[in-house]
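# Summary of structural features
One letter stands for each residue in the lines below.
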Amino acid sequence: MSREAYRVIPVGITRDGVFVLEDDDPGKFALDAEHLPEVVDNGTRIIWPEGGADRALRVRRADGVIDDLGAVDVVLPILHGVHGEDGTIQGFLNILGIPYAGGGVLDSALCMDKHFMKIVLQAAGVPVSPWVTVTSARWDRDPEAVRADAAPLGLPVFVKPARAGSSVGVSKVADPTELEGALRLAFAEDDKVLIEAAIVGREIEVAILEGRRGGVSRASLPGEIVLTTREFYDFEGKYLGGDGADVVCPADLTDAEISAIQELGVRSFDAVGGRGLARVDFFLAADALYVNELNTMPGFTPISMFPKCWIASGMSYSELISELIDTALER
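As the structure is a computational prediction, the values presented were derived from the model and not from experiment. (Residues numbered from 1 in each chain as written. Predicted model: local features only at pLDDT ≥ 70, side-chain atom pairs only at ≥ 80, totals over all residues. Heavy atoms only, no water.)

Turning to empty space enclosed by the protein, a few remarks are in order. In the structure shown here, the tally under the stated rule is 3 cavities of 30 Å³ or more. If you list the elements that add at least two residues to the lining of the second largest cavity, you get helix 2 (105-112) and strand 15 (289-295). For the lining of the second largest cavity, a count of residues per class yields 4 nonpolar, 4 polar and 3 charged. (1 Å grid on protein atoms, 1.4 Å probe; cavity = no way out; pocket = protein on both sides within 12 Å on 5 of 7 lines; lining within 4 Å. Points joined across faces, edges and corners; volume = space filled by probe spheres on them. Helix = DSSP H or I, 4+ residues; strand = E, 2+ residues; numbered from the N terminus. Nonpolar A, V, L, I, M, F, W, Y, C, P; charged D, E, K, R; others polar.)

The following block contains the structure:
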């Protein structure tokens, strides 16, 4: 972000849910495979506005002194997973009356829950991969019934938590004996899990931005995840630059394929009531195009697909950040 155009107030959230005033040092949170960054409790406490016309953000220092940080114009909720992109923080900011970038309560909650996301997309006529949803209680009660339900999906299948992100808790199952272990891994993240049929095809992603001033939503050039040695695009490949997965944008596609992907990406975004931005992930099979999922706050690291796709489409990284802020302020 341009520090000339914006005055940035970095707010961190500890693992215990404490809001603290952070240092404005992007390098402090650089992703490193050897040492993942973490917000620690530095003794400060963010005091949120009281609502109404009040937009003043304050901080109580470790010594008890309260300082005024100024009026908040807009919040960038750059958070993944539970509380960050499931509508929770969005509802909190709605109550405070503070504008924020990205998805709202409904689209965030829908897209965080892969089960309901698929139901909504299906209802809108968007093709999704076949799946079975299973709860931990049902698996404990009747595992054979779950196996019977999943059998028509064939093998391999992917087992993933319904409400987690960043490919945490996801496994590829190639043999029936692996199903129980995969489910246990996913249940450690969520008590609701999806078993999905594996789609043979290319992994294509497209970046979506909300239309400005009532305009239609916009899609970037599509990109492609090219796997060389990885079974699937996991957490390490997404965030830590691990070997075995390359992010390529623009993807090598025909004009007809690009148009179809962009059109279906916008349809999917609109179907879930998308706001701000989203990344739509596809499987491009030999005979069809399937939507895998929507991410309402996609990765923004230098190796992430969302900024790469918009940069390939003619928008710089800093312009993209400004676009999100301006869209939030207009709303």
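Now that the structure is up, let's keep going.
Within the UniProt annotation, "binding site: Mg(2+) 1" (unreviewed entry) is assigned to Asp-281 and Glu-293. In this structure, the second largest cavity is lined, among the annotated residues mentioned, by Glu-293. In this structure, Asp-281 sits in strand 14 (residues 277-284). Once residues lying within four places of it in the same chain are set aside, the contact partners of Asp-281 are Ile-204, Glu-205, Tyr-290, Val-291, Asn-292, Glu-293 and Asn-295. Accessibility expressed as a relative area gives 13% for Glu-293, which makes it buried. Dropping the residues within four chain positions of it, Glu-293 is found in contact with Lys-114, Met-117, Lys-160, Arg-279, Val-280 and Asp-281. (UniProt positions renumbered as here; feature names shortened; annotations may be inferred. Contact = heavy atoms within 4.5 Å. Buried < 20%, exposed > 50% of the residue type's maximum accessible area, 1.4 Å probe, protein only.)

The next thing to look at is the environment of Ser-304. Within the secondary structure, Ser-304 sits in the loop between strand 15 and helix 9 (305-312). Separated by 57 residues in sequence, Ser-304 and Val-247 have C-alpha atoms that sit 7.5 Å apart. Looking at Ser-304, its side chain comes within polar contact range of the side chain of Thr-301, at 2.7 Å. (Polar contact = N/O pair within 3.5 Å; in protein donor to acceptor, adjacent residues only side chain to side chain.)

Right, let's talk about the domain arrangement of the protein chain for a bit. Along its sequence, the protein chain is carved into domain 1 (11-72), domain 2 (107-127 + 200-330) and domain 3 (131-197). Averaged C-alpha coordinates put domain 1 and domain 3 at centres separated by 37 Å. (Domains from an automatic or database assignment.)

Looking only at helix 1 (residues 88-96), the buried set comprises Ile-89, Gln-90, Gly-91, Leu-93 and Leu-96. Each element contacted by the buried residues of helix 1 is listed here: strand 2 (19-21) and helix 2. Just downstream of helix 1, Gly-97 is the residue with a positive phi angle, here 75 degrees.

For the structure shown, the criterion picks out 24 salt bridges. The closest approach of N and O atoms between Arg-163 and Asp-190, which form a salt bridge, is 2.7 Å. Placement of the pair is Arg-163 in the loop between strand 7 (157-161) and strand 8 (171-173) and Asp-190 in the loop between helix 6 (179-187) and strand 9 (192-197), with a sequence separation of 27 residues. On the accessibility criterion, Arg-163 (29% relative accessible area) is partly exposed. Among the charged side chains, a network of salt bridges with common partners joins Arg-212, Arg-213, Arg-218, Glu-323 and Glu-330. (Salt bridge = Lys/Arg side-chain N within 4 Å of Asp/Glu carboxyl O.)

With that out of the way, let us pick up the packing of aromatic side chains. The full count for this structure, using the stated rule, is 5 aromatic pairs. Here the aromatic rings of Phe-19 and Trp-48 are separated by 5.5 Å at their centres, their planes lie at 90 degrees, and the arrangement is edge-to-face. Taken as a pair, Phe-19 in strand 2 and Trp-48 in the loop between strand 3 (45-47) and strand 4 (56-60) lie far apart in primary sequence, 29 residues in all. A relative accessible area of 17% means that Trp-48 is categorised as buried. Seen in terms of ring centroids, Phe-19 and Phe-92 are 6.4 Å apart; in terms of plane orientation they differ by 25 degrees. Their pairing is stacked. One end of the pair, Phe-19, is in strand 2; the other, Phe-92, is in helix 1, and 73 residues separate them in sequence. Here a set of aromatic residues connected by ring pairs shows up, and it is made of Phe-19, Trp-48 and Phe-92. (Phe/Tyr/Trp six-rings, centres within 6.5 Å; stacked < 30°, edge-to-face > 60°.)

Attention shifts here to the sheet that holds strand 3. With antiparallel pairing, 3 strands are arranged side by side in an open sheet as 3-4-5. A strand with exactly one partner marks an edge of an open sheet, and here the two such strands are strand 3 and strand 5 (66-71). On average, each strand axis in the sheet is inclined to that of its neighbour by 25 degrees, with strand direction left out of account. As paired elements, strand 3 and strand 4 share 3 bridges and run antiparallel to each other. By the bridge assignment for strand 4, Ile-47 is matched with Arg-58. (Pairing = 2+ DSSP bridges. Axes fitted to C-alpha atoms, helices over the stretch in contact; angles between N-to-C directions.)

Bringing the sheet that holds strand 7 into the picture now. Pairing within the open sheet is antiparallel, and its 4 strands lie in the order 6-9-7-8. Of all strands in the sheet, those with a lone pairing partner are strand 6 (131-135) and strand 8, marking the two edges. For this sheet the average axis-to-axis angle between neighbouring strands, irrespective of direction, equals 25 degrees. Two strands pair when backbone bridges link them, and strand 7 and strand 8 are joined in this way by 3 bridges, in the antiparallel orientation. In the sheet register, Val-159 faces strand 8, and the bridge partner there is Ser-171. Set on the sheet, helix 6 makes contact with strand 6, strand 7, strand 8 and strand 9; between it and strand 7 the angle comes to about 25 degrees.

Contact geometry of helix 2 with helix 3 (residues 114-123) gives a least axis separation of 5 Å together with a crossing angle of 105 degrees. As judged from the angle between their axes, helix 2 and helix 3 are roughly perpendicular. In contact with Leu-110, Cys-111 and Met-112 of helix 2, helix 3 contributes Lys-114, Phe-116, Met-117 and Val-120. (Parallel < 35°, antiparallel > 145°, perpendicular 65-115°, else oblique.)

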